[in-house]
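Summary of structural features
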Amino acid sequence: RAKTAGRNMLRFFDPGMEADVVNRVALESDLHEALAKQQFQLHYQAQMSGGVLSGSEALVRWLHPQRGLVPPDEFIPLAEETGLILQLGAWVLETACAQLVQWAANPELSHLSIAVNVSARQFRKPDFVSQVGEILSRTDANPKRLKLELTESLLVEDVDDVIEKMHELKNIGVGFALDDFGTGYSSLYYLKHLPFDQMKIDRSFVRDILDDTNDATIARTIVTLAQSLGLGVIAEGVESLEQLEFLAELHCHAYQGYYFSRPLPIDEFEEYALGY
Ligand code: C2E
Ligand code: MG
Ligand code: MG
Ligand code: MG
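Residues numbered from 1 in each chain as written. Chains lettered and ligands numbered in written order. Predicted model: local features only at pLDDT ≥ 70, side-chain atom pairs only at ≥ 80, totals over all residues. Heavy atoms only, no water.

Looking up the protein in an unreviewed UniProt entry gives the name Diguanylate cyclase/phosphodiesterase with PAS/PAC sensor(S), with the organism given as Sterolibacterium denitrificans.

Set out below in structure tokens:
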């Protein structure tokens, strides 16, 4: 970050920054067409619980005709700013629910759940609850197999509205996970009032859990907090057996990460699930 006005001026004329802006504008206009052109895909990452595959997290991918695979961290923030996240989010929900219905017909896959990431802007829409209800009934998906992942950014304003919507969705059977826990600004007060089923330990705490005692302490505290609130807990970003064993000693028995599987295209995920 520039500290002085002079440096700010310099940054203003930085050709690299100009390229960033041009790049952003180009990406944004491509993003508008991407839904219609069916350039989005869902990949599925295994979630393990108590030693078995219990479900997956659906992660959106953008297959750009020139740029190739654009990671969500590059286009989700843009989609949020432009409002396109509303249509994209609806597409993700619909695609995940259609997938649940396909699995329901296969006894080897019918127990699997799908966790869908919901952005704050999407969740705040007044008709979010009826939209989810409508997608569930139109696709005929089992709401008990659908889990919505929310982040702490939702808990900053109008918490009463969030609580009400969560209860309405829980009443029809939908579950909730608190994503990236520990990286935002959750108030422990609100946490008690929000009907989450599960907390997700952010992968930034798991990465160095073996060497960094602060990370280990934070992970242990999250597990204890989840237990005392009566919630499940799952660790993200588990990449090694050593991390897994460490987490197991902290009494965290649900995991997601490259150690088990990367997010996979649907065919590969099903192959993984059937072979498990
Ligand atoms: P997230 O929801 O926290 O998803 C987990 C991210 O961690 C994914 O990144 C996943 O690929 C990555 N990951 C999983 N295991 C490991 C591991 O062992 N090591 C490492 N280094 N990374 C691991 P991805 O797919 O790039 O997604 C990034 C973020 O984009 C997601 O974070 C989520 O916030 C957002 N996102 C993805 N799909 C959607 C979507 O459909 N809607 C919304 N609103 N956001 C989405
Ligand atoms: Mg997530
Ligand atoms: Mg996460
Ligand atoms: Mg994340």
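1. Topic: the layout of surface pockets
Put simply, the rule is: A 1.4 Å probe that fits but cannot get out identifies a cavity on a 1 Å grid over protein atoms alone, an open set with protein on both sides within 12 Å along at least five of seven lines counts as a pocket, and a residue lines either if it has an atom within 4 Å of a point. Grid points are joined across faces, edges and corners, and a volume is the space filled by probe spheres set on the points. Each helix is a run of DSSP H or I of at least 4 residues and each strand a run of E of at least 2, with the numbering of both proceeding from the N terminus. In the scheme used here, Gly and all other residues not listed as nonpolar or charged are polar, with Ala, Val, Leu, Ile, Met, Phe, Trp, Tyr, Cys and Pro taken as nonpolar and Asp, Glu, Lys and Arg as charged.
Put simply, the largest pocket is a space of about 1,100 Å³. Lining the largest pocket are 37 residues, with Glu57, Leu59, Pro72, Asp73 and Asn117 sitting closest to its centre. Of all the elements in the fold, those that place two or more residues in the lining of the largest pocket are β1 (40–49), β2 (52–64), α3 (72–82), α4 (85–104), α5 (120–124), β5 (146–151) and β6 (175–181). For the lining of the largest pocket, the class distribution of residues is 15 nonpolar, eleven polar and eleven charged.

2. Things to note about the pairing of β6
Heads up, the condition is: Residue exposure (1.4 Å probe, protein chains only): buried if accessible area is under 20% of the type maximum, exposed if over 50%, otherwise partly exposed. Strands are treated as partners if at least two bridges between them are detected by DSSP. Here a crossover is taken to be right-handed if, once the strands point away from the viewer, the path from the first strand over the helix to the second is traced clockwise.
The buried fraction of β6 amounts to six of the seven residues, a majority that puts the element mostly inside the structure. Bridge count for β5 against β6 is five bridges, and the pairing is parallel. The partner of Glu149 across the bridge, within β6, is Ala177. What joins β5 to β6 is helix α7 (residues 159–171), and the crossover it makes is right-handed. Two strands pair when backbone bridges link them, and β6 and strand β7 (residues 198–201) are joined in this way by three bridges, in the parallel orientation. Its bridge partner lying in β7, Leu178 is registered against Met199. Since β6 and β7 lie parallel, the crossover through helix α8 (residues 188–193) that links them has a hand, and here it is right-handed.

3. Structural notes on the environment of Phe181
This is how the line gets drawn: In what follows, a contact means two residues having at least one pair of non-hydrogen atoms within 4.5 Å.
With respect to the element layout, Phe181 can be found in strand β6. Using a relative accessible area of 7% as the deciding quantity, one classes Phe181 as buried. For Phe181 and Ile201, which are 20 residues apart along the polypeptide, the C-alpha to C-alpha distance reads 5.4 Å. Not counting residues up to four positions away in its chain, the partners in contact with Phe181 are Glu152, Ser186, Leu191, Met199, Lys200, Asp202, Phe205, Ile222 and Leu225.

4. Remarks on the coordination of the magnesium ion (ligand 3)
Going by this rule: Donor atoms: N, O and S within 2.8 Å of the metal, or within 3.2 Å for Na, K and Ca. Because water is excluded, sites can look incomplete.
Distances from the magnesium ion (ligand 3) to its protein donors, namely Asp179 (OD), Asp180 (OD), Glu236 (OE) and Glu236 (OE), fall within the range 1.9 to 2.7 Å. On the primary sequence, the residues serving as donors to the magnesium ion (ligand 3) are separated as D-D-x55-E. Separating the magnesium ion (ligand 3) from the magnesium ion (ligand 2) is a gap of 3.9 Å, bridged by Asp179, which donates to each. Residue classification places Asp180 among the partly exposed positions, given a relative accessible area of 25%.

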